Amino acid sequence: MSLMDRFKKIIAERQIIRGMVIKNLRSKYIGSISGILWAVINPLLIMLVITFVFSQIMKTDIKHFPLLVLSALLPWNFFSNSITESTASISGNINVLRQFVMLKEAIPISIVIANLINFLFGFIIILPVFIIFNISIINYLILLPFIILLQFIFTLGISMLFSIINIYFKDLPQVLGIFLMFLFWLTPVFYSIDMIPQKYHWLIIANPSSCYIVIYRALLYQGSNGGISMWLLAIGFAFISTI
C-alpha cells in the first residue's frame with residue numbers, strides 16, 4: 001500500500017478512529033472527580049513546583065516565571081503523554097486487531113488525537129492568563145493553529161514509529177521513560193533559549209522537540225513569532241516524522 005493509499009484508508013476509517021478517541025477519553029476521565037480538568041490541574045501543579053524551586057531556592061529573577069514554564073509545559077505534556085501512551089498501544093491491542101479488520105495505525109492515531117483534545121482543553125482555559133499579562137501576544141495568536149498542527153503531525157509520526165518498534169523491542173517503554181526524562185531537561189521547558197551558552201545551541205537544533213517549545217513560548221510569553229529558523233525546523237521535523 002502506497003503512502004497516499006494509506007492516507008486515504010485512514011480517512012475512510014475516521015469513524016472507527018473517532019470511536020476510539022471517545023473511548024480513550026472516557027477511560028481516562030470517567031469516574032474521576034475532576035474529570036478532564038486534570039488537563040489543567042496537572043501542568044499547573046508541576047508549574048508550581050518548578051516555580052518554587054527556581055524562584056525561591058535558586059532565586060531566578062525572570063519576569064512572570066510561572067508563565068514562562070507554563071507556555072512550554074502544556075505542549076511538552078501533549079508530546080510526552082502521546083508518545084508514552086502510544087508506544088504499547090499496538091502490542092496491547094493485538095486481540096482487537098485480530099477481531100476487526102482495521103488499519104493498525106488507527107490505534108496510535110486515536111491516542112494522539114485524544115491527547116490533542118486534552119491539550120486544547122487545558123490550553124483554551126489558560127490562554128486568557130497569557131493575554132492578561134502580555135496583551136501583545138494577541139498579534140501572534142493567528143500563528144497558534146499552525147504550530148499546534150505541526151507539533152501534532154510530528155508527535156503522530158513519532159508515536160506510530162515507537163508503537164511499531166515496541167512490537168519487536170519489548171523493553172522500549174522502560175527505555176522511553178528514561179529517554180523522555182533526559183529530553184525534558186534538554187528541552188527549554190523551565191528555562192529560555194537565551195540562557196543556553198552559545199556553544200551548546202546545537203542541542204536545540206538536534207533536539208526535535210525544542211523548536212516547537214521555543215515557538216510556543218515566543219507566541220504565548222514573549223509576543224513574537226519565534227523566528228523563521230525555528231519554523232523551518234518545526235516544518236522539517238514534522239515532514240520527516242510523517243514520512
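Definitions and cut-offs
The residue numbering used here restarts from 1 in each chain and proceeds along that chain's sequence as written. Per-residue local features are limited, in this predicted model, to residues with pLDDT of at least 70; the limit for side-chain atom pairs, both in listing and counting, is 80 or more; totals at the level of whole chains, interfaces and linings are taken over all residues. To get the side-chain values, take all heavy atoms of the structure and skip hydrogens and water. Going along the chain from the N terminus, every DSSP run of H or I of four or more residues is numbered as a helix, and every run of E of two or more is numbered as a strand. Here the globule rule is a power law, 2.2 Å times the number of residues to the power 0.38, and the radius of gyration is based on C-alpha atoms. Here's how the labels work: a residue is buried when its accessible area is under 20% of the maximum for its type, exposed when over 50%, partly exposed in between, all with a 1.4 Å probe on protein chains only. By the convention used here, residues are in contact when the closest approach between their heavy atoms is within 4.5 Å. In this analysis, the expected span of each helix is defined as 1.5 Å times one less than the number of residues it contains. Bend, in this description, refers to the angle at a residue between axes fitted to the seven residues ending there and the seven starting there. Only buried residues count toward a nonpolar core. Its members are Ala, Val, Leu, Ile, Met, Phe, Trp, Tyr and Cys residues joined through side-chain atoms within 4.5 Å.

This paragraph deals with the overall build of the protein. A count of helices and strands for the protein gives eleven helices and zero strands. Overall, the protein shows an N-to-C arrangement of helices and strands of α-α-α-α-α-α-α-α-α-α-α. The C-alpha radius of gyration of the protein comes to 19 Å, within 12% of the 18 Å expected for a compact globule of 243 residues. In terms of overall dimensions, the protein has C-alpha extents of about 60 × 45 × 35 Å along its principal axes. Per-residue burial for the protein yields a buried fraction of 45% across its 243 residues. Restricting to contacts in the protein with at least 6 residues of sequence separation, those with at least 24 account for 76%.

Look at helix α4 (residues 65-87): 33 Å from first C-alpha to last across 23 residues, which is about the 33 Å you get at 1.5 Å a residue. Residue Leu73 marks the point of greatest curvature in α4, where the axis turns by about 25°; the proline Pro75 follows within four residues. Among the 23 residues that make up α4, 19 are buried, leaving the element largely enclosed by the rest of the structure.

It is worth spelling out the nonpolar core at this point. Among the nonpolar cores identified, the biggest contains 69 residues, and Val69, Trp76, Phe119, Leu144, Ile147 and Tyr212 are the most heavily contacted of them. Among the elements of the structure, α2 (14-29), α3 (38-57), α4, α6 (106-133), α7 (144-168), α8 (172-186), α10 (208-222) and α11 (228-242) are those that each provide at least two residues to this core.

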